[in-house]
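Residues per chain, in single letters:
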Amino acid sequence: QQQVRQSPQSLTVWEGETAILNCSYEDSTFDYFPWYHQFPGESPALLIAIRPVSNKKEDGRFTIFFNKREKKFSLHIADSQPGDSATYFCAAGDYAQGLTFGLGTRVSVFP
Amino acid sequence: DPKIIQKPKYLVAVTGSEKILICEQYLGHNAMYWYRQSAKKPLEFMFSYSYQKLMDNQTASSRFQPQSSKKNHLDLQITALKPDDSATYFCASSQAGTANQAPLFGEGTRLSVL
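A brief look at the structure comes next. In this text the structure is predicted, and so the values were computed from the model without any measurement.

1. With respect to the sheet that holds strand β3 (residues 19–25) of chain B
Residue and element names in this part refer to chain B.
Right, on to step 1. Pairing is antiparallel across the open sheet formed by four strands, whose spatial order is β1-β3-β8-β7. The open sheet terminates on both sides in strands that have one partner only, identified here as β1 (4–7) and β7 (64–67). Adjacent strand axes in the sheet meet at a mean angle of 15° when their direction is disregarded.
Right, on to step 2. Two strands pair when backbone bridges link them, and β7 and strand β8 (residues 75–78) are joined in this way by four bridges, in the antiparallel orientation. The residue bridging Q67 from the neighbouring strand is D75, located in β8.

2. Examining the state of the cysteines
Right, on to step 1. Per the counting criterion, the structure on display carries two disulfides over all chains.
Right, on to step 2. At a sulfur-sulfur separation of 1.7 Å, the disulfide partner of C23 of chain A is C90 of chain A. Residues C23 of chain A and C90 of chain A share a disulfide whose torsion about the S-S bond is about -90°; that sign makes it left-handed. Within this pair, whereas C23 of chain A is found in strand β3 (residues 19–25), its partner C90 of chain A is found in strand β9 (residues 86–92), the two being separated by 67 residues in sequence. Summarising the burial analysis for this pair, C23 of chain A and C90 of chain A share the class buried.
Right, on to step 3. Note that C23 of chain B is cross-linked by a disulfide to C91 of chain B, the S-S spacing being 1.9 Å.

3. Considerations on the sheet that holds β3 of chain A
Residue and element names in this part refer to chain A.
Right, on to step 1. As summarised here, the arrangement of the five strands in space is β1-β3-β8-β7-β6, forming an open sheet in which the pairing is antiparallel. A strand with exactly one partner marks an edge of an open sheet, and here the two such strands are β1 (4–7) and β6 (56–59). The average undirected angle you get between the axes of adjacent strands in this sheet is 15°.
Right, on to step 2. Here β3 runs beside strand β8 (residues 72–77); their pairing, made up of six bridges, is antiparallel. Bridge pairing in β8 links L21 to L75.

4. Remarks on the interface of chain A and chain B
Right, on to step 1. Counting from both sides, the interface comprises 19 residues of chain A and, opposite them, 24 residues of chain B.
Right, on to step 2. Across the interface of chain A and chain B, roughly 1700 Å² is buried in total on both sides, 60% from carbon and sulfur atoms.
Right, on to step 3. Along the contact surface separating chain A from chain B lie zero salt bridges.
Right, on to step 4. Counting across the interface, chain A meets chain B through five residue pairs in polar contact (both at pLDDT 80 or more).
Right, on to step 5. Ranked by residues supplied to the side of chain A that touches chain B, first place goes to strand β4 (residues 33–38) of chain A with three residues.

5. Notes on the pattern of salt bridges
Right, on to step 1. Under the counting rule described, the total for this entry stands at 10 salt bridges over all chains.
Right, on to step 2. Across the pair E70 of chain A and R69 of chain A runs a salt bridge, and its minimum N-O distance is 3.3 Å.
Right, on to step 3. Residue R63 of chain B is joined to D85 of chain B by a salt bridge in which the shortest nitrogen-to-oxygen separation is 2.8 Å. Separated by 22 residues along the polypeptide, R63 of chain B in the loop between β6 (53–57) and β7 and D85 of chain B in the loop between β8 and β9 (87–94) bring together distant segments of the chain.
Right, on to step 4. Owing to a relative accessible area of 3%, D85 of chain B belongs among the buried residues under this scheme.
Right, on to step 5. Three or more residues are tied together by salt bridges with common partners; here these are R69, E70 and K72 of chain A.

6. Some words on the environment of Y88 of chain A
Residues and elements named next belong to chain A.
Right, on to step 1. The residue Y88 is located in strand β9 in this model.
Right, on to step 2. Y88 gets classed as buried once you look at its relative accessible area, which sits at 0%.
Right, on to step 3. Distance in space between the C-alpha atoms of Y88 and G102 is 9.1 Å, their sequence separation being 14 residues.
Right, on to step 4. Apart from residues lying up to four places away in sequence, Y88 is in contact with Q6, L21, Y36, H37, L47, F62, L75, I77, G104, T105 and V107.
Right, on to step 5. Among the polar contacts made by the side chain of Y88, one reaches the main-chain carbonyl oxygen of D84 at a distance of 2.6 Å.

The rules behind these values
Residues numbered from 1 in each chain as written. Chains lettered and ligands numbered in written order. Predicted model: local features only at pLDDT ≥ 70, side-chain atom pairs only at ≥ 80, totals over all residues. Heavy atoms only, no water. Pairing = 2+ DSSP bridges. Helix = DSSP H or I, 4+ residues; strand = E, 2+ residues; numbered from the N terminus. Axes fitted to C-alpha atoms, helices over the stretch in contact; angles between N-to-C directions. Disulfide = S-S within 2.5 Å. Buried < 20%, exposed > 50% of the residue type's maximum accessible area, 1.4 Å probe, protein only. Contact = heavy atoms within 4.5 Å. Buried area = accessible area lost by both parts, 1.4 Å probe. Salt bridge = Lys/Arg side-chain N within 4 Å of Asp/Glu carboxyl O. Polar contact = N/O pair within 3.5 Å; in protein donor to acceptor, adjacent residues only side chain to side chain.

What follows is the structure, encoded as structure tokens:
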């Protein structure tokens, strides 16, 4: 049973466009929602995270939008750059328990 | 310098053998985790420890045993290795209970079981 669903599986955008990645979850006890990116041969690196008390979190070109009622959250990458090309994972969890990850979105940004 | 040290970086083992994956973190975090990543199951949570106590175990097999000798150590012992155990094993840590509790990951140990 996949508790965190992520879409699309892959995404291609042109440099300068906004990439939008989507996730949904099932467990209402989840209270922490981070996004990670991973480059080939490297470990996942934390990008940005949000808690349900907020419905939006920004950090530079990266923004999380969170909808608690619909149990959905998304990552927007504004002004996408070729260096943003990577696999992006959403995750959900709570204190003391591990994160449940989505299956990932492979993002390709073309100049 | 990496703050979460995993050893070894690469490991080749034969089916049926036993291996120990080492993890030490120097971030002062109170929680440590093991995750596994393979082509079949990207980023799968295995264990979480807080203050050297097991908090959550999502690994069905008893062949996987975490070992915490110090609060900044969390090793992973794997017995009776199978080819399906081939994966990259990531150790992670966080300061659980605070506003920012997203785990930071080590560089991983890439295990191949022949």
